[in-house]
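# Working through the structure, step by step
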Amino acid sequence: MPIRTDGRAARGPIKFLAFAALLALAAGALWRLDERSGEARPSGPPPGMSMTVTVTTATARLGDAPVTLSGIGTVTPLKTVTVKSRVDGELTKVLFKEGQHVKAGELLAQIDPRAFMAQRDQYAGQLAKDTALLENARADLARYSNLVQKDMLAGQTKDTQASLVRQYEGAVRSDKAQIDNANLQIEYSRITAPISGRVGLRQIDPGNMIRSADSSGLCVITQMSPISVLFTLPEDQLPAVRKRMRAGEKLSVAAYDRTMTEKLAEGTLETTDNQIDTATGTVKLRAIFPNTDEALFPNQFVNAELLLEKKKNVILLPASAVLRGPKGAHVFVVGKGDTASDRAVTTDMAVGTDVVIASGVSAGETVVVEGADRLRDGAKVAIKNPGSAAADKS
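Here goes a summary of the coordinates provided. Keep in mind the model is a prediction, meaning the values are calculated, not measured.

## Digging into the layout of surface pockets
In this structure, the largest pocket spans a volume of roughly 260 Å³. Forming the boundary of the largest pocket are 14 residues, of which P66, T68, Y256, E305 and L307 lie nearest the centre. At the level of elements, β2 (61-76), β12 (252-256), β13 (263-272), β15 (301-318) and β19 (346-351) are the ones that each hand at least two residues to the lining of the largest pocket. Of the residues in the lining of the largest pocket, the class split is eight nonpolar, three polar and three charged. Taken as a whole, the second largest pocket encloses approximately 180 Å³ of empty space. Every residue along the wall of the second largest pocket is listed here: V81, T82, V83, K84, S85, R86, E187, Y188, R190, I191, T192 and P194. Among the elements of the structure, β3 (80-83), α3 (155-188) and β7 (190-192) are those that each provide at least two residues to the lining of the second largest pocket. Grouping the constituent residues of the lining of the second largest pocket by class yields five nonpolar, three polar and four charged.

Here you go:
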């Protein structure tokens, strides 16, 4: 057969090679399609297990789980008194500073007492006069009684004198009462603190006339220590609280700031209100706090957390280790050979960033905290916890 030199004879092999390449590409595409659909897979580990997955782990541990009830509360002083004058007069002295802590009975201000002293002197003079008249009347009554016994004086005169004695006795008692009242007015001119606490802003300055009818008063004293917090709880939680109170338990209450990030103070539950608010379905509770550092301020908004009980020796896991799926909660437990196994768990209450595990995991087992979304049951893992590299070098 003659050989052609125009190139046509070489086209046959080239076409064959191109067709073979197309067949190879089609076979590769079909292989990948079968691999995705799961209809035909080559022998070997399934997808997700063909390589080791790097994860972060934590150990299930035994701990205590506090059962708490939270409610919104307001800091409420146990005593708040508006200091008012009980007499009218000129305010001559103010002996306290705004914001000062005072004790019960401490002198706060002075009202000019001279008018009351003058009244007392007047009543004292009247008492002396009536006392002298009484003594004279009693002496006359004694003489008249002696004359009546000797039939030298009519009995009517004696009776009249006896009546006059009783009249002067009444006058003397009245004079003494007026003197006592004047002394009381003088005492009231000294305005003292009725309770111990912190003084607020001064409402009146020295030199002004102060009256007992003034509504604003001189100042307001608020007891700072101890102090209370009034907070509310849903009525459904009341029976559990009342049960422990009847048993004589002192329930602990913690006060947190508005963002629940800082604990301000710790106290104890004092009492509950005697009725439930039907409009909100809540009940008021009062907790007492020592507040020696005055971390709680009157009318401050706080979040109250009541410690109902503390569960001992429960299994705790980081909340991030628990996954949620159609079949419920589950975790990946790392076993021998660094193999992760998918295990169903039953969760209980949350404790901060942890969660209580009622069943499914034992204390001491290692669970995956980060990287579990890339795992399947039986997958190989490489544990790389924070600080593990430094520990290995050491």
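So that's the structure; there's more coming.
## Some points on the pattern of salt bridges
On inspection of all chains with the given rule, the structure shows 11 salt bridges. As a salt-bridge pair, D140 and R143 come within 1.9 Å of each other at their nearest N and O atoms. Taken together, the positions of D140 and R143, both in helix α2 (residues 114-149) and three residues apart, correspond to about one turn of that helix. Judged by its relative accessible area of 14%, D140 falls in the buried class.

## Some points on the packing of α2 against α3
Each pair of packed helices can be summarised by the angle the axes make with each other and by the distance between the axes. Interhelical geometry of α2 versus α3 gives an angle of 160° and a closest axis separation of 8 Å. One element, α2, and the other, α3, form an angle in the roughly antiparallel class. The element α2 and its partner α3 pack so that their crossing is left-handed. The class makeup of the residues in the contact of α2 with α3 is 20 nonpolar, 10 polar and eight charged.

## Here's the deal with the environment of G170
Residue position: G170 is located in helix α3. Distance from G170 to D130, taken between C-alpha atoms, is 9.3 Å for residues 40 residues apart in sequence.

## Let's talk about the sheet that holds strand β10 (residues 219-222)
The strand order β3-β10-β8-β5 describes an open sheet built from four strands, whose pairing is antiparallel. Strands at the two margins of the open sheet, each flanked by one partner only, are β3 and β5 (101-102). Judged from the two bridges that link them, β5 and strand β8 (residues 197-199) form a sheet pairing that is antiparallel. Residue pairing in the sheet places V102 in a bridge with G197 of β8.

Procedures and definitions
Residues numbered from 1 in each chain as written. Predicted model: local features only at pLDDT ≥ 70, side-chain atom pairs only at ≥ 80, totals over all residues. Heavy atoms only, no water. 1 Å grid on protein atoms, 1.4 Å probe; cavity = no way out; pocket = protein on both sides within 12 Å on 5 of 7 lines; lining within 4 Å. Points joined across faces, edges and corners; volume = space filled by probe spheres on them. Helix = DSSP H or I, 4+ residues; strand = E, 2+ residues; numbered from the N terminus. Nonpolar A, V, L, I, M, F, W, Y, C, P; charged D, E, K, R; others polar. Salt bridge = Lys/Arg side-chain N within 4 Å of Asp/Glu carboxyl O. Buried < 20%, exposed > 50% of the residue type's maximum accessible area, 1.4 Å probe, protein only. Axes fitted to C-alpha atoms, helices over the stretch in contact; angles between N-to-C directions. Parallel < 35°, antiparallel > 145°, perpendicular 65-115°, else oblique. Left-handed = near helix turned anticlockwise from the far one by under 90°. Pairing = 2+ DSSP bridges.

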